[in-house]
Amino acid sequence: MTSLKKNDFSVIGKPIAMIDSAGKVTGQGKYADDLSVPGMLIGKILHSHLPHALIKKIDASRALALDGVVTVVIGTDAPNTYGILPVGHDETALAVEKVRYVGDNVACVVAESESIAEAALELIDVEYEPLPAWFDPEDSMEAQANFIHEQRPNNIEKDYHHVFGDPDAGFAQADVVLEGRYIANEVTHAAMEPHCTLAAFEFDSHTGREGRLTVQSSTQVPYYLQHKLSIVLEMPMSQIRVIKPLVGGGFGGKSEIIPLEIIAAVAARKAKAPVKITYTREEVFLAHRGRPRTIIDLKTGVKKDGSITAVAAKVIQDGGAYCSYGVVTILYSGALLGALYDIPNIKYDGFRVLTNKPACGAMRGHGTVNVRFAFESQLDELAGKINMDPVSIRRKNLLKPPCITVNGLRVQSYGLPECIDVVARESKWAERRTKLGKGRGLGMACSHYVSGAASSIIRSDMPHSTVNIKIDRDGGVIIYTGASDIGQGSDTMVAQIAAEVLGCKMNRIKVVAADTDLTPVDIGSYSSRVTFMNGNATLRAAEDIKKRIVAAAALKMACAPEDVIMRDDLVYKKGVAPVAPKQENAPTVSGHVEGQILRGSVQQKRKDEGPKERMSFEEAVTAAMDNTGALGGTGSYAPPVEAKGGKHKGGGVGPSPAYSYSAQVADVTVDEETGEVTVNKIWAAHDCGRALNPVSVEGQVIGSVWMGLGQALQEEFVWKDGLLMNPSMLEYKSPSSTESPEIESFIVESIDPEGPFGAKEASEGSLAAAIPAISNAIYDAVGVRLRECPFSPERVLSAIRAKNGQKKIEMTNRVDPTAPHKMREHGGSTWYKGKGPQRHADDPSRKTTTEVPAAD
Amino acid sequence: MKKELIELKVNGRRHEVAIEPSKLLLDTLREDLGLTGSKRGCDDSSCGACTIQVDGVPMLSCTMVAASYQCDNGGNEITTVEGVAEHGALAAIQKAYGDWGGSQCGYCTPGFMMTVRALLERNPEPSDEEIRHSLSGNLCRCTGYTQMYQAIKAAIQAEQKGMAAGK
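Counting restarts for each chain: residues are numbered from 1 in the order of the written sequence. The naming scheme follows written order: chains are lettered A onward, ligands numbered 1 onward. The predicted nature of this model means local features are confined to residues of pLDDT at least 70 and side-chain atom pairs, given and counted, to a pLDDT of 80 or more, with totals for whole chains, interfaces and linings taken over all residues. No hydrogens and no water enter the side-chain calculation; it runs on all heavy atoms of the structure.

Draft legend 1. Examining the overall build of chain A more closely. Of the regular secondary structure elements, chain A holds 24 helices and 33 strands. Principal-axis analysis of the C-alpha atoms gives chain A an extent of 95 × 75 × 50 Å. The contacts in chain A between residues at least 6 apart in sequence include a share of 79% that link residues at least 24 apart. Only the protein chains shown count as cover for residues, and the accessible areas themselves come from Shrake-Rupley with a 1.4 Å probe. Carbon and sulfur atoms make up 51% of the accessible area of chain A, which amounts to about 29600 Å² in all. Here the positive residues are Lys and Arg and the negative ones are Asp and Glu; neither His nor the chain ends is included. For the purpose of locating charges, the reference atoms are NZ of Lys, CZ of Arg, CG of Asp and CD of Glu. Mean positive and mean negative side-chain charge positions of chain A (95 and 105 charges, respectively) differ by 3 Å. Here a helix means four or more residues in a row that DSSP labels H or I, a strand means two or more in a row labelled E, and each is numbered from the N terminus. By definition in these notes, contact holds between two residues if any of their heavy atoms fall within 4.5 Å.

See the structure below:
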């Protein structure tokens, strides 16, 4: 397959509009909140206003007395624990016994309308007993009592300590060693669609009792949702149907079970009616599951020639109140130190820590982004120390694939060298760098990401993806895939692959996706696995069904099956000009009588003609059905054993069948008076194996770089004692068109030996490099090395003033952005010190209140 | 709250609906008229996903009270994304957003359709800067806006070609 050139394809590699785009531009497409069913009630959730407290009593009698309120659901209605990871079942639908963050779920009102439900929330009386709360992970790790989860002493969810090679010897060989602390603040997905779930039970037709449950939800993982619902509701999975309608963006925020998905089902059961819950934007921020605040203590050694001898990283993640994907996140942070450059010795200590804040989870570039920011910044600094160009030092440390890295990651296709060449050339790196004048600079960085995890989180030997294809007498091709299109275009991807293999036009293809009743299991849209895994399953399913069509066509055309070509809706003998058969449009052949093909006349016609040289797609399909009956094909994909990585504890996270690569150059201008950073342009080259749909690949690459840019410059959670201060799209500062620079993307095709048509990941790998490319460009522009992101004006300005020896103005809550020593807390308290209860005497963060005066 | 009967003119058709006087226009369109194309993304008019046009002017329906936009003689004509397709075919801007990747998850797209349509009605040949500025009230988390600019330019070209052909 790798020998195929671009022009050997008829559908692959062509810019194709997403097959669901018309529904999106006309408003016809239905997202979860656009759905309603007869008798549907509305659910609204009561959230905790305390960061850590025991629930002494919940009295809903006043709410229940309100006209229009149907029921109120509380934790004891469904106390079974669940969580996305088998090792992290620490959540319940609604809080049982205690709440763990401001925003934790306490009760759910089900009412006839949203306004009634909202009014009823005010009437639920909850008696709490406040507990000490932890907001800084380094404080939280010191806790001796009142743990956030009883079973997690010292509030440490999980810690890992990995040594690969001989790091001590590596550092001893180095000519220059740098150590530094980097902090990346917390960001969130903020997908445009707020989460929504509609849950409805139906009567069992035999028993007349409450029967099957149908859940339509904004999810990236319908099959995991089905599984977790079965645990909480104590129902067999076969009695639960999960349907994913259109999803308005995920970025990881819908890649696990979000509280409302379980709550809606529990509420529907108790209310004995369909219930829809839609989050407000503020609730979306509180549900969160975004990228954790991360402290990275990083040490890197290089020789004078630029080769890296060893890396040691200690990473502490501020995980929030529940495990979520935390164990995986902290493992990715260490594992993906490998597979980008050739690093012979790696030491990694990772700590995932619980704090009394909304749970962090998986977000685009899961686990790699913040560590990559630290690593690429430090590499830039090291290049400076040994007087080496930042591009050259990266070229010096390239892997030599095929290879297995010191931490057990198998690398086959590797387009990084070409990515670096492309962005260096396009940005005119050599000519322009250092010649841009005062306040303007260029920075370079690289990153990579997995094309799906080689081992699934549910530890099973089942295929990761399965796809079925049905072709019927109408010549329509229906693909049944469990892949969840969340806007990244997976429906279009499977349609393209099937059309290419079957040699038919795209308009024959219909995709039925992500419905647990109709489609075979696919583990979901996360870790950039869908093109690689579901794409491969589609390829196999299409080849399975194609075999039978080809066999039948070979009989009809009296040739060997190898000589049958299917392409562009035609089936013809090798060597025959692919011209449409004349009779294709003749009514006697494909004629319809009240919607039915006259199969008899087709057969008669064929008999009359004798052996043929070419046939239409329908004719070939009909021939195959005449031969062997109904046409169905199936294909599945499980990653090969060789890609599954090392045997060490935690070694299952990081290994992937293939890695994508990215190199970027950022051109920035820094205003030395205000500290404002303007990104003029970013050049981004991404190795996606093969671009199955170049418009989509470019859209994914640009989108990831842009999201990295948001984290680099302005997006950040602002906290005061566990209360999120900026839970809205404007205050969170999601970049608008006026803040978004030109991003030019370049596709590099390394043709992976195992990817479908050579394709691999395109949607995540480019995010991480954007942040260090910008910080390195800021250094190039104004000579300050920022080690805390985002590089917001107050951080940049305070660094510039310190460098210039200007009078200090306190703007960063006493955290130096060039040498951040701790998490930056934003000032005092809104409710602890003010209206609310006094902070608990043992609260470790109380100790700091005398040292750090409120700055805001 | 007691409901009141109001009359709205949406996409050229009149509708009588009984709603609470405080009901927002977005909720009325979505829940009472079944026009779910306009989306709720933020609740506080910061994201633009609910953008509609009232007499051609783009407005944010998530913070408008429906009862204030009752149709009167020649005024308060509401257009939603469902009213953009012309004569049963996609408008040039709709086709271009699909072809050029201007829409990924599509949730913000209806809002962008209404904003861009209003821009092009007002200014058929906007400069790059004018396009960038006019989109700044609509947020998108997928595209980084780059492919939207390509889509808008392609739509303008298609319109001009169409007009030239019509002459």
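Draft legend 2. Region of interest: the packing of helix α2 (residues 92-99) of chain B against helix α3 (residues 109-122) of chain B. Residues and elements named next belong to chain B. Fitted lines through C-alpha atoms serve as axes, helices being fitted only where they are in contact, and the angles separating the N-to-C directions of these axes extend from 0 to 180 degrees. Viewed as axis vectors pointing N to C, α2 and α3 meet at an angle of 135 degrees, and their least axial separation amounts to 10 Å. By the criterion of interaxial angle, the relationship of α2 to α3 is oblique. Both α2 and α3 take part in a crossing whose hand is right-handed. Contacts between α2 and α3 involve I93, Q94 and Y97 from the former and T109, F112, M113 and V116 from the latter. Gly counts as polar in this scheme, as do all residues outside two lists: the nonpolar Ala, Val, Leu, Ile, Met, Phe, Trp, Tyr, Cys and Pro, and the charged Asp, Glu, Lys and Arg. Of the residues in the contact of α2 with α3, the class split is five nonpolar, two polar and no charged. We call two directions roughly parallel when the angle between them is under 35 degrees, roughly antiparallel when it is over 145, roughly perpendicular when it lies between 65 and 115, and oblique otherwise. A crossing counts as left-handed when the near helix is turned anticlockwise from the far one by less than a right angle, and as right-handed when that turn is clockwise.

Draft legend 3. Quick look at the domain arrangement of chain A. Residues and elements named next belong to chain A. Along its sequence, chain A is carved into domain 1 (32-131 + 194-247 + 254-288), domain 2 (153-188 + 289-456 + 644-804) and domain 3 (465-637). Domain delimitation in this document rests on an assignment produced automatically or drawn from a domain database. The straight-line distance from the C-alpha centre of domain 1 to that of domain 2 is 36 Å. Note on definitions: buried area is the accessible-area loss of two parts on being combined, 1.4 Å probe, summed for both. Roughly 2200 Å² is buried in total at the junction of domain 1 and domain 2, and carbon and sulfur atoms are behind 61% of that figure. On the domain 1 side of the interface with domain 2, the three residues burying the most area are L85, F285 and H288, jointly 34% of the side's total. We define a salt bridge as a side-chain nitrogen of Lys or Arg found within 4 Å of a carboxyl oxygen belonging to Asp or Glu. Here domain 1 is connected to domain 2 by two salt bridges. Notably, a salt bridge pairs R289 with E91, separated by 2.9 Å at the nearest N-O pair.

Draft legend 4. Here's a closer look at the interface of chain A and chain B. On the chain B side, the residues contacting the 51 residues of chain A number 44 residues. Here chain A and chain B share an interface that buries about 3700 Å² over both sides, 55% of which is from carbon and sulfur atoms. Looking only at chain A, the three residues that lose the most surface to chain B are V25(A), M192(A) and S737(A), adding up to 20% of its buried area. Run the count over chain A and chain B and you get four salt bridges. Two residues, K39(B) and D34(A), come together in a salt bridge whose shortest N-O distance is 2.4 Å. Between N or O atoms, a polar contact is any pair within 3.5 Å; within protein, one atom must be a potential hydrogen donor and the other a potential acceptor, and residues adjacent in sequence are included only when both atoms are from side chains. Inspection of the chain A/chain B interface yields 23 residue pairs in polar contact (both at pLDDT 80 or more). With eight residues, the single largest contributor to the side of chain A that touches chain B is helix α19 (residues 694-713) of chain A. A breakdown of the residues in the side of chain A that touches chain B according to their chemical character gives 22 nonpolar, 20 polar and nine charged.

Draft legend 5. Spotlight on the domain arrangement of chain B. Residue and element names in this part refer to chain B. Each domain of chain B was delimited in the assignment, giving domain 1 (4-83) and domain 2 (92-164). Centre-to-centre, using C-alpha coordinates, domain 1 lies 22 Å away from domain 2. Taken together, the 17 residues of domain 1 in the interface contact 13 residues of domain 2. Contact between domain 1 and domain 2 buries roughly 1100 Å² in total, counting both sides, with carbon and sulfur atoms accounting for 57%. When the buried area of domain 1 at its contact with domain 2 is split by residue, T51, Q53 and V81 rank highest and sum to 38% of it. Counting the contacts that link domain 1 with domain 2 gives zero salt bridges. Taken together, the connections running from domain 1 to domain 2 amount to five residue pairs in polar contact (both at pLDDT 80 or more). It is strand β3 (residues 51-54) that provides the largest number of residues to the side of domain 1 that touches domain 2, a total of three residues.

Draft legend 6. Fine view of the pairing of strand β5 (residues 105-111) of chain A. Residues and elements named next belong to chain A. Type-normalised accessible area, obtained with a 1.4 Å probe on protein chains alone, sets the label of each residue: buried when under 20%, exposed when over 50%, and partly exposed for intermediate values. The buried fraction of β5 is high, at seven of seven residues. Here six bridges tie strand β1 (residues 41-47) to β5, and the two strands are oriented antiparallel to one another. Residue pairing in the sheet places I45 in a bridge with C108 of β5. Bridge count for strand β3 (residues 69-74) against β5 is five bridges, and the pairing is antiparallel. Within β5, the position partnered with V72 by the bridge is V109. Strands are treated as partners if at least two bridges between them are detected by DSSP.

Draft legend 7. Seen up close, the confidence of the model for chain A. All names here are of chain A. For every residue, the predictor states its confidence as a pLDDT score lying anywhere from 0 to 100. Here chain A averages 92 in pLDDT, while 92% of its residues score no lower than 70. Long-range and interchain partners of residues 583-596, a stretch whose pLDDT sits below 50, account for 20 contacts in this model, where long-range means more than four residues apart. Across residues 827-856 the pLDDT falls below 50, and counting only partners more than four positions away or on other chains, this stretch makes 53 contacts in the model.

Draft legend 8. Just the side chain of K44(A), in detail. All names here are of chain A. Following the sequence through the fold, K44 ends up in strand β1. Separated by 3.3 Å, the side chains of K44 and E114 make a polar contact. In this structure K44 touches A107, C108, V109, E114, A117, E118, L121, T278, T280 and E283, once residues within four positions along its chain are discounted.

Draft legend 9. Main features of the pattern of salt bridges. Overall, the coordinates contain 55 salt bridges over all chains when judged by the stated rule. Note that D380(A) is salt-bridged to R785(A), the shortest N-O span being 3.3 Å. Taken together, the positions of D380(A) in helix α10 (residues 369-385) and R785(A) in the loop between α21 (767-782) and β33 (788-789) put the pair 405 residues apart, joining distant regions of the chain. For the pair D380(A) and R785(A), one class covers both residues: buried. The salt bridge partner of R433(A) is D780(A), with a shortest N-O separation of 3.8 Å. Highlighted residues: R433(A) in the loop between α13 (429-432) and β18 (440-450) and D780(A) in helix α21, separated in sequence by 347 residues. On the accessibility criterion, D780(A) (22% relative accessible area) is partly exposed. Several salt bridges converge on common partners, so that one network encompasses D33(A), D34(A), K276(A), R30(B) and K39(B).

Draft legend 10. Quick look at α21(A). Between the first and last residue of a helix there are one fewer steps than residues, each counted as 1.5 Å, and that sum is the expected span. Over its 16 residues, α21(A) runs 24 Å from end to end, which matches the ideal 22 Å to within 8%, given 1.5 Å per residue. Among the residues trailing α21(A), G783(A) stands out with phi positive, at a value near 75 degrees.

Draft legend 11. Examining the confidence of the model for chain B more closely. Mean pLDDT over chain B: 95, with 99% of residues reaching 70 or higher. Interface confidence for the predicted complex, given as ipTM, is 0.97, next to a pTM of 0.94.

Draft legend 12. Local environment of the nonpolar core. Counting 199 residues, the largest nonpolar core has V668(A), I774(A), I778(A), F791(A) and Y97(B) as its most contacted members. Per-element tally for this core: the top contributor is α21(A), with 11 residues. Those residues in contact with V668(A) that lie beyond four places of it in its chain are G439(A), R440(A), G441(A), V677(A), T678(A), V679(A), N680(A), I774(A), A777(A), I778(A) and A781(A). Nonpolar cores were defined as sets of buried Ala, Val, Leu, Ile, Met, Phe, Trp, Tyr and Cys residues, with membership established by side-chain atoms within 4.5 Å. Grouped together as the second largest cluster of nonpolar side chains are 50 residues, I469(A), F532(A), M533(A) and F757(A) included.

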